[in-house]
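Below, each chain spelled out in residue letters.
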Amino acid sequence: MSESQPAKKKSDTGADPAARKSSANPRWLVPTMLGLMLAGLAWIVTYYLTSQNLGLPVPQLGNWNLLVGFVLIIAGFSLTTRWK
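The model shown is predicted, which means the values in this text are computed figures rather than measured ones.

Caption draft 1: A look at the overall build of the chain. When helices and strands are tallied, the chain shows 3 helices and 0 strands. Going from N to C terminus, the chain has its helices and strands arranged as α-α-α. Sequence separation of 24 or more characterises 66% of the internal contacts of the chain that already satisfy a separation of 6 or more. A total of about 6800 Å² of accessible surface is found on the chain, and carbon and sulfur atoms cover 64% of it.

Below, the structure is given as structure tokens:
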């Protein structure tokens, strides 16, 4: 190496900072993941607590409200596979 070309320094991990930044989680991932799981739980709890008297959350769905709640929970858990 000649003296006119300075040596490039590597970071402590051996990777350049741009490569480390690309492997980080997107900002929306954790709030969306937790939001979906909590929304699904709230949907199911609301259905169980009010299905006899008020018919919430959606009375026309009947027991399919359970499916809606579980789909929301499963969607939240599927986002956990992208978490690094």
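Okay, back to it.
Caption draft 2: Layout of helix α3 (residues 64-79). In this model α3 runs 23 Å from its N-terminal to its C-terminal C-alpha over 16 residues, within 8% of the 22 Å that 1.5 Å per residue would give. For α3, every residue scored as buried is listed here: Asn65, Gly69, Ile73, Gly76 and Leu79. For α3, the buried positions fall inside an angular range of 120° around the axis, keeping them on one side. In α3, the exposed positions that point more than 90 degrees away from the buried face belong to Trp64 and Ile74.

Caption draft 3: Region of interest: helix α2 (residues 29-50). Between the first and last C-alpha of α2 there are 31 Å, a value that for 22 residues agrees with the 32 Å anticipated at 1.5 Å per step. Burial in α2 covers these residues: Leu29, Met33, Met37, Gly40, Ile44, Tyr47 and Thr50. Looking at the buried side of α2, the elements it contacts are α3.

Caption draft 4: Molecular detail of the environment of Gly76. Secondary-structure assignment places Gly76 in helix α3. What makes Gly76 buried here is its relative accessible area of 0%. For the pair Gly76 and Leu34, spaced 42 residues apart in sequence, the C-alpha separation works out to 6.5 Å. Gly76 has contacts with Met33, Leu36 and Met37, leaving out every residue within four places of it along the chain.

Caption draft 5: The packing of aromatic side chains, seen in detail. Using the criterion set out here, one finds 1 aromatic pair in the structure. Aromatic side chains Tyr47 and Tyr48 sit 5.8 Å apart centroid to centroid with 55° between the ring planes, which places their arrangement in the tilted category. For Tyr47, a relative accessible area of 9% translates into the label buried.

Caption draft 6: Structural detail: the environment of Asn65. Along the chain, Asn65 turns up in helix α3. Between the C-alpha atoms of Asn65 and Ser51, which are 14 residues apart in sequence, the distance is 9.8 Å. Apart from the residues lying within four places of it in its own chain, the contact partners of Asn65 are Trp43, Tyr47, Pro57 and Val58. At 3.0 Å, the side chain of Asn65 forms a polar contact with the backbone oxygen of Val58.

Procedures and definitions
The written sequence of each chain sets the order in which its residues are numbered from 1. Given that this is a predicted model, residues contribute local features only at a pLDDT of at least 70 and side-chain atom pairs are listed and counted only at 80 or more, while totals for whole chains, interfaces and linings are drawn from all residues. Only hydrogens and water are set aside; all other atoms, that is, all heavy atoms of the structure, feed into the side-chain values. Secondary structure elements follow DSSP: runs of H or I no shorter than four residues count as helices, runs of E no shorter than two count as strands, and numbering proceeds from the N terminus. We call two residues in contact whenever any of their non-hydrogen atoms come within 4.5 Å of each other. For the area figures, the Shrake-Rupley method with a 1.4 Å probe applies, and any residue is considered shielded solely by the protein chains shown. Here a helix's expected span is defined as the number of its residues, less one, multiplied by 1.5 Å. Burial classes: relative accessible area under 20% of the type maximum marks a residue as buried, over 50% as exposed, and values in between as partly exposed (1.4 Å probe, protein chains only). In this description, one arc is meant: the one made by directions from the helix axis to the C-beta atoms. For Phe, Tyr and Trp, rings pair up if their centres lie within 6.5 Å, where Trp contributes its six-membered ring, and each pair is then called stacked (planes under 30 degrees apart), edge-to-face (over 60) or tilted (otherwise). Between N or O atoms, a polar contact is any pair within 3.5 Å; within protein, one atom must be a potential hydrogen donor and the other a potential acceptor, and residues adjacent in sequence are included only when both atoms are from side chains.

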